[in-house]
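Structural overview for review
Residue strings, one per chain:
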Amino acid sequence: IAGITQAPTSQILAAGRRMTLRCTQDMRHNAMYWYRQDLGLGLRLIHYSNTAGTTGKGEVPDGYSVSRANTDDFPLTLASAVPSQTSVYFCASGNSGAGANVLTFGAGSRLTVL
Amino acid sequence: QKEVEQDPGPLSVPEGAIVSLNCTYSNSAFQYFMWYRQYSRKGPELLMYTYSSGNKEDGRFTAQVDKSSKYISLFIRDSQPSDSATYLCATLNRLAFGKGNQVVVIP
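Residues numbered from 1 in each chain as written. Chains lettered and ligands numbered in written order. Predicted model: local features only at pLDDT ≥ 70, side-chain atom pairs only at ≥ 80, totals over all residues. Heavy atoms only, no water.

With that out of the way, let us pick up the sheet that holds strand S1 (residues 4-5) of chain B. Strand order in the open sheet made by the 5 strands is S1-S3-S8-S7-S6 (chain B), with antiparallel pairing throughout. Among the strands making up the open sheet, the edge pair consists of S1 and strand S6 (54-58) of chain B. (Pairing = 2+ DSSP bridges. Helix = DSSP H or I, 4+ residues; strand = E, 2+ residues; numbered from the N terminus.)

A separate point is the interface of chain A and chain B. Counting residues at the interface gives 18 residues for chain A and 16 residues for chain B. Around 1500 Å² of area is buried between chain A and chain B when both sides are counted, 61% of it from carbon and sulfur atoms. At the surface where chain A touches chain B, the tally comes to 0 salt bridges. Counting every contact that joins chain A to chain B gives 2 residue pairs in polar contact (both at pLDDT 80 or more). For the side of chain A that touches chain B, the leading source of residues is strand S4 (residues 31-38) of chain A, giving 3 residues. (Contact = heavy atoms within 4.5 Å. Buried area = accessible area lost by both parts, 1.4 Å probe. Salt bridge = Lys/Arg side-chain N within 4 Å of Asp/Glu carboxyl O. Polar contact = N/O pair within 3.5 Å; in protein donor to acceptor, adjacent residues only side chain to side chain.)

Now for unusual backbone geometry. For the bond running from A:Ala7 to A:Pro8, omega is -5°, close enough to zero to count as cis. Within the fold, A:Pro8 resides in the loop between strand S1 (4-7) and strand S2 (10-13). Look at B:Arg41: it is not a glycine, yet its phi comes out positive at around 65°. On the secondary structure map, B:Arg41 appears in the loop between strand S4 (32-38) and strand S5 (45-51). Overall, the relative accessible area of 61% leaves B:Arg41 in the exposed class. A positive phi angle, near 55°, is found at B:Lys70, a position not held by glycine. Residue position: B:Lys70 is located in the loop between strand S7 (61-66) and strand S8 (71-76). Since its relative accessible area comes to 27%, B:Lys70 is described here as partly exposed. (Buried < 20%, exposed > 50% of the residue type's maximum accessible area, 1.4 Å probe, protein only.)

Before going further, it helps to examine the state of the cysteines. If you walk through the whole model with that rule in mind, you get 2 disulfides over all chains. A disulfide bridge connects A:Cys23 with A:Cys91, and the sulfur atoms are separated by 1.9 Å. The sign of the S-S torsion, about -75°, decides the handedness of the disulfide formed by A:Cys23 and A:Cys91: left-handed. Note that A:Cys23 is positioned in strand S3 (residues 19-25) and A:Cys91 in strand S9 (residues 87-94), a separation of 68 residues in sequence. Across the disulfide, B:Cys23 is cross-linked to B:Cys89 (sulfur-sulfur distance 1.9 Å). Looking along the S-S bond of the B:Cys23-B:Cys89 disulfide, the torsion reads about -100°, which is the left-handed sense. Of this pair, B:Cys23 sits in strand S3 (residues 19-25) while B:Cys89 sits in strand S9 (residues 85-91), placing them 66 residues apart in sequence. The pair formed by B:Cys23 and B:Cys89 is uniform in burial state, with each residue classed as buried. (Disulfide = S-S within 2.5 Å.)

Now for the confidence of the model for chain B. Predicted confidence across chain B gives a mean pLDDT of 91, with 97% of residues reaching 70 or more. Across chain B, the element-wise mean pLDDT spans from 87 in strand S10 (residues 96-97) of chain B up to 95 in strand S11 (residues 101-106) of chain B. (pLDDT = per-residue confidence, 0-100.)

This is how it looks when you write it as structure tokens:
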């Protein structure tokens, strides 16, 4: 089934630990995105990549890093997790530059930092 | 000012009622507007998108854009319990989303 796979679906993490959230898409979309969703704040863009080999900062990039070594994978890394990074993280993909860039979302990764 | 504003208040309606959801946007240059539906503990999924101004219908759903007032709306006719979800507006010119409205349709 074509779509986006995120892993893990849920994780509890001690503050200060390093964590990588994985995202893989099989739709050959050129662009990929990471959002976090928090109650009362909605979806906020963390980082994005318009094509393999390039990345950019979104609205809330601090404390996060990404890489885009190939078209399909777009991991999000928290180098040293803090409790304020407790959130639900959504990966999305789309075709940037193609008019209506309709985003397809993954099912989310629920992260709790203690 | 946020690029897309959506009052995140919850909305409860009886089955069969019309649901009306609204957002405003800041930049008159925006042209692509989307509505996403998100069920509990799931990712958002595209419900409808519109380009520029006017109405678009898809079954019981109507999306409306008023560029003169920078207002976008979603109407759900004959609402069903299965419509209970959070609805998010978005402009894909900036990949910006509203905060979402949680809709509960009571049988």
